[in-house]
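Below are the chains, spelled out letter by letter.
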Amino acid sequence: MLLELRDVSKTYPTGEGPLQVLRGVSLALAAGESMALTGESGSGKSTLLHLAGGLDQPDSGAILFEGRDIAGLGDAALAEFRRASVGLVFQQFNLIPSLDVEANLAFQARLAGRHDAAWMRLLAERLRLTSLLERYPEQLSGGQQQRVAIGRALGVRPQLILADEPTGNLDEATGDAVLELMLALQAETGAALLMVTHSSRLAARLGRRLHLASGRLG
Ligand code: ADP
Ligand code: MG
């Protein structure tokens, strides 16, 4: 397995006491596989995605990447895992406003020491960004910004793409087009994809689907 969550629980402290968001969640994602994660707002989808990407730690349970518990990684190895093995795509695009499209695209790959100019050119072409490389994020439409964010995530050729409602800020037609591009690139690169979505219609485009409710997966 590429990614495994075993009996993962997560609680947040809040003003009204502890809030248990995940209650013994387990899932397994194979290399190259795609999985949709659905569930109501507040059901813990983003929490699960953050745990899978090593951005946060569970209270109990294990998160294994290629069979190794990421909780056992030291700071440097964890940072390397996040930069080189995981591509994150968020609903809010999260581009760097002071960098042009070309620099945003290259950002993660440069951080990870994996910049590959030929791959970047190909990604820009596939994402139809070649004529926009000198623009800044504020000069782009939402769909264009999300295409840049997808390119940034794929620049390192990650083994795992984690996408949190990647089309949530886009109109339906634009969102569908962006999703098709992401799925095509995912298939071409052999990356696994775990994607949060509200939409059953979009979830049906992925290989498998899990639903999160009351802190449990079904
Ligand atoms: P979803 O992505 O499914 O909408 P989240 O994982 O973002 O759900 O949040 C699940 C629950 O945990 C929500 O009730 C949210 O308010 C709460 N929550 C998320 N992050 C924190 C945090 N850092 N501190 C306290 N509560 C949080
Ligand atoms: Mg969320």
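Definitions and limits used
- Residues numbered from 1 in each chain as written.
- Chains lettered and ligands numbered in written order.
- Predicted model: local features only at pLDDT ≥ 70, side-chain atom pairs only at ≥ 80, totals over all residues.
- Heavy atoms only, no water.
- Pairing = 2+ DSSP bridges.
- Helix = DSSP H or I, 4+ residues; strand = E, 2+ residues; numbered from the N terminus.
- Phe/Tyr/Trp six-rings, centres within 6.5 Å; stacked < 30°, edge-to-face > 60°.
- Lys NZ or Arg CZ within 6 Å of the ring centre and 35° of its normal.
- Near = heavy atom within 4 Å.
- Polar contact = N/O pair within 3.5 Å; in protein donor to acceptor, adjacent residues only side chain to side chain.
- Areas by Shrake-Rupley, 256 points an atom, 1.4 Å probe, with all protein chains shown as cover.
- Contact = heavy atoms within 4.5 Å.
- Axes fitted to C-alpha atoms, helices over the stretch in contact; angles between N-to-C directions.
- Core = buried A, V, L, I, M, F, W, Y, C linked by side-chain atoms within 4.5 Å.
- Buried < 20%, exposed > 50% of the residue type's maximum accessible area, 1.4 Å probe, protein only.

**So, the pairing of strand 2 (residues 17–29)**
Two faces, one strand: in a regular strand the side chains alternate between the faces of the sheet. As paired elements, strand 1 (residues 3–14) and strand 2 share nine bridges and run antiparallel to each other. From the neighbouring strand, K10 faces strand 2, where its bridge partner is L22. Once strand 1 ends, the chain turns through two residues before running back antiparallel as strand 2.

**Looking at the packing of aromatic side chains**
Per the stated rule, a full pass over the model turns up one aromatic pair. Plain terms: the ring middles of F65 and F81 are 4.8 Å apart, the flat faces sit at 65 degrees to each other, and that makes the pair edge-to-face. Of this pair, F65 sits in strand 4 (residues 60–65) while F81 sits in helix 2 (residues 75–84); the two residues are 16 residues apart in sequence, bridging distant segments of the chain. The lysine or arginine in question, R157, covers the ring of W119, its NZ or CZ lying 4.2 Å from the ring centre.

**Some words on the site of ligand 1**
In the neighbourhood of ligand 1, the contacting residues comprise Y12, L19, V21, E40, S41, G42, S43, G44, K45, S46 and T47. Side-chain polar atom of S46 to an oxygen atom of ligand 1: 2.9 Å apart, as the coordinates give it. Between ligand 1 and T47, the relevant distance is 2.6 Å, taken from an oxygen atom to a side-chain nitrogen or oxygen of the residue. Contact with the protein chains hides 60% of the accessible area of ligand 1, taken as 560 Å² for the molecule alone. Of all the elements in the fold, those that place two or more residues in the shell around ligand 1 are strand 2 and helix 1 (45–52). Per element, the largest residue contribution to the shell around ligand 1 is three residues, and it comes from helix 1.

**Thoughts on the sheet that holds strand 6 (residues 86–90)**
The sheet built from six strands is open, its strands ordered 6-7-8-3-9-10 with mixed pairing. Here the strands that pair on one side only, and so sit at the sheet edges, are strand 6 and strand 10 (216–217). Sheet analysis places strand 7 (residues 160–164) next to strand 8 (residues 192–196), joined by five bridges and oriented parallel. Across the sheet, the residue bridging to I161 is L193, located in strand 8. Relative to the sheet, helix 1 contacts strand 3 (34–38), strand 6, strand 7, strand 8, strand 9 (208–213) and strand 10, its axis offset from that of strand 7 by approximately 155 degrees.

**Some words on the nonpolar core**
Generally speaking, soluble globular proteins have nonpolar side chains that are buried together. L105, L193 and M195 are the most contacted members of the largest nonpolar core, which has 38 residues in total. Beyond its immediate stretch of four places on either side in the chain, L193 contacts L29, E33, S34, M35, I161, A163, M182, L183, Q186 and L206. With 29 residues, the next largest nonpolar core counts L5, L29, V86 and A192 among its residues.

**What to know about the sheet that holds strand 5 (residues 68–69)**
Across the sheet, four strands lie side by side as 2-1-4-5; this open sheet has antiparallel pairing. Looking at strand neighbours, the two that pair on one side only are strand 2 and strand 5, the edges of this open sheet. Pairing of strand 1 with strand 4 involves five bridges; the strand directions are antiparallel. Along strand 4, the bridge assignment pairs L5 with I63. Relative to the sheet, helix 1 contacts strand 1, strand 2 and strand 4, its axis offset from that of strand 1 by approximately 120 degrees.

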